[in-house]
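Commentary on secondary and tertiary structure
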Number of protein chains: 2
Amino acid sequence: MKCAILSIGSELMEGRIADTNAAWLSERLTELGFEVARHIAVGDRRADILTALRDLEKVASVTIVTGGLGPTPDDPTREVFAQFSGCALLERPEAVRSIRELFARRGIVPPDSNFVQALIPEGADYLHNPTGTAPGFALNHGGCRFFTLPGVPSEMKVMFNESVGPALRALSDRVILVRSLHTLGMSEALIGELLAEMMAEGHSPAVATQASEGMITVRITADEATEATAREKLAATEREIRAKLGEVVYAADGLTLGWAVAELLEKRALTLAVAESCTGGEIAARLTDVPGISRFFLEGAVTYSNASKTARLGVPADLIQRHGAVSAETAEAMAAGMRRSFGADVALSATGIAGPAGGSKEKPVGLVYIGIADASGTRSERVMAFGTREQIKVRAAKRALNILRLHLEKMG
Amino acid sequence: MKCAILSIGSELMEGRIADTNAAWLSERLTELGFEVARHIAVGDRRADILTALRDLEKVASVTIVTGGLGPTPDDPTREVFAQFSGCALLERPEAVRSIRELFARRGIVPPDSNFVQALIPEGADYLHNPTGTAPGFALNHGGCRFFTLPGVPSEMKVMFNESVGPALRALSDRVILVRSLHTLGMSEALIGELLAEMMAEGHSPAVATQASEGMITVRITADEATEATAREKLAATEREIRAKLGEVVYAADGLTLGWAVAELLEKRALTLAVAESCTGGEIAARLTDVPGISRFFLEGAVTYSNASKTARLGVPADLIQRHGAVSAETAEAMAAGMRRSFGADVALSATGIAGPAGGSKEKPVGLVYIGIADASGTRSERVMAFGTREQIKVRAAKRALNILRLHLEKMG
């Protein structure tokens, strides 16, 4: 069943906030088996809201509306709905009671202006707001059911969970499940070629790719009549994709590269130390985002100057002189020195040119050497990262963590 | 002049990401003097995109479209625009060259499928993408000018700034200039009281506050007929605000706290070293985002384990035993040890509890001690950071950098 979301608020039009309500509602609606066909966001102007409602009733069977239900004159949603539905606004006794009770709990008398919030289009269903003064309402118009909720995220979420969700569950006849596989090390185009058959329109489950900051996510969406069938189809397609993409898949759903590395360190019972130059702390920062990482991650060193590489990691000054700070030799010496100096089982290093200055023809901005040292010896890889200084740092950190991940996987 | 934003991507419809592109673009468009009338977001289905384009050309003179320009079959934007404009897709030589060059820099041959991204509707203007393989394009249809950009935020932003912004500036008849002053260390309510007069509705230039991740930004917006007047009014209001807020203003516009610290280090001719525990590399990562920081920032240590604090920084094991790893004493010993061990002029340290586990009644999650050591001695401050593990890390890193900034300012 198709649904849509309408978000009302000038703060969205001025870009002062991102529309996180639409994202949250979309996730809930997708879980409930609805297909979200469209989001619209408009400001506080009545004509814009009315046009949006008319556009949406043509494309959706269910529309969730948020925002514009406050007590001040710039909150137009109630009046626009009265005009849209051709019904007068009536004061609802349940709403008046609820507003009084809310203020009584805070020990104050509500200002008269608050009771404008108790007005609801005649014939609409009242939706109780347990944590705020703006009640919601639901009404049918032109083949679409509209659920209208306040825009304050915490109030909206409670009301969706308590009133709207249960009503929608009764309407939906599908179960939609989604699985995301995160990859690093293969281009989106090549993944598209390998998965072309599965990605064709009409394939069930649907398979799509999405790029973000150097990684590609492959998303599988199963849309079935029962949960069992949806799970089964999802799992079968996931197996097929993993067989085709192999080790470039590093994690699934909400999990990160740091988490994948932490899991492998735990599995292999290894400790880790990290020596960073060009990534400037990004590798350590990513690893320490993982709760409980302190069991495996002993320490990091941001050896930004050459002197620091020599003093901290014992990289010989003449080795840096001979090969340069950005070289396979220095990366390997950094990793070996970091491992030795603190007794970690594995050490990871990164040295490169984050830019914008400092590049040359032989060693351009974005060139990064990643080193790994463990009981079996040292090795290094040369990678190129692209973008702004910040992007190069982040992308190089991801590449380094991915190289470590692949190394740890092969040790198994 | 009215404008609109269309975001294309199934990930938006399934709620896997919030539409931050629309928010960012809205802010830019507002600054440029445009009125953003509507956002629409749709999935990858061609019919839905086409309907949205037709709806938008009725309400806007300018529409920015993002997403769906990838190289895989589920990227429909090019084809939909061909249908919408009634023009065939033609391969653009500039785009082919740009894709080849981008891959050449990475030392690989692009797969054939990548060249589908070089297709652009006949007659459309080519928009160069300096950091990715998807070029954008601009075309007129039905009284609206459409600018189409890739959905990857970093690529979209560079292209907007380089191509779209300048084109739009030429269309607008007002000069809107915005100045943002970033503050740390004063509540939004208190800033609101101090600036009440300037923040009143109707005040010109307009002054507003916005909170994000522990910092408050004061935004001044001048909307004038000429650039000279706008600049003058902006400067006068900035002076007035700085006089009222004093040292809590740490930077302006796109500049960061790391940049403010770097500038002070340069001014005072001092070198810096950083020892981090709970922030896990976030302080170093922020500092190393600043180009040229290598002249002042010698090295960082992520001494995550207690043993590492002792081995690297010479923090006595019995001091940690007595006061705990999260204490003023340990923070100061970390800073002093870091400074001593490498001969930096100033050392900054942070030790705390990032959570979610590890907190207690006396030392709750979010408690962080910041230490500073310099030639005049050592000192520490106790701060509380709130939120998730990631938020606590980032907020504690900002607080640490701000404490260092204020310390460096007082040295003058």
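Residues numbered from 1 in each chain as written. Chains lettered and ligands numbered in written order. Predicted model: local features only at pLDDT ≥ 70, side-chain atom pairs only at ≥ 80, totals over all residues.

Take the interface of chain B and chain A next. Contacts between the two partners involve 71 residues from chain B and, on the opposite side, 74 residues from chain A. Here the residues of the side of chain B that touches chain A are counted per class, giving 30 nonpolar, 23 polar and 18 charged. Judged from the 5 bridges that link them, strand 2 (residues 35-42) of chain A and strand 2 (residues 35-42) of chain B form a sheet pairing that is antiparallel. Bridge pairing in strand 2 of chain B places A:V42 opposite B:R38. (Contact = placed C-beta atoms within 7 Å. Nonpolar A, V, L, I, M, F, W, Y, C, P; charged D, E, K, R; others polar. Pairing = 2+ DSSP bridges. Helix = DSSP H or I, 4+ residues; strand = E, 2+ residues; numbered from the N terminus.)

Below, the discussion takes up the sheet that holds strand 10 (residues 206-212) of chain A. Residues and elements named next belong to chain A. Across the sheet, 4 strands lie side by side as 10-11-9-12; this open sheet has antiparallel pairing. Strands with a single pairing partner mark the edges of an open sheet, and in this sheet they are strand 10 and strand 12 (249-252). Across the sheet, the mean angle separating the axes of adjacent strands is 25 degrees when strand polarity is ignored. (Axes fitted to C-alpha atoms, helices over the stretch in contact; angles between N-to-C directions.)

Next up on the list: unusual backbone geometry. Residues and elements named next belong to chain A. G355 connects to P356 through a cis peptide bond whose omega is 0 degrees. Looking at where P356 falls in the secondary structure, it is placed in the loop between strand 15 (346-352) and strand 16 (367-374). The backbone phi angle of A269 is positive, close to 55 degrees, even though this residue is not glycine. Given 8 C-beta atoms within 10 Å, A269 falls into the exposed group. (Buried ≥ 20, exposed ≤ 12 C-beta atoms within 10 Å, placed from the backbone.)

Attention now moves to the domain arrangement of chain A. Residues and elements named next belong to chain A. Under the domain assignment used here, chain A contains domain 1 (2-171), domain 2 (175-252) and domain 3 (257-410). Once you take the C-alpha centre of each, domain 2 and domain 3 turn out to be 31 Å apart. Contact with domain 2, which involves 8 residues of that partner, is made by 10 residues of domain 3. Its residues placed into classes, the side of domain 2 that touches domain 3 shows 4 nonpolar, 2 polar and 2 charged. (Domains from an automatic or database assignment.)

Relative to the 32 Å expected for 22 residues at 1.5 Å per residue, helix 15 (residues 389-410) of chain B spans 32 Å between its end C-alpha atoms, a close match to the ideal helical length. Of all the 22 residues making up helix 15 of chain B, 16 are buried; the element is thus mostly covered by neighbouring parts of the structure. (Expected span 1.5 Å × (residues − 1).)

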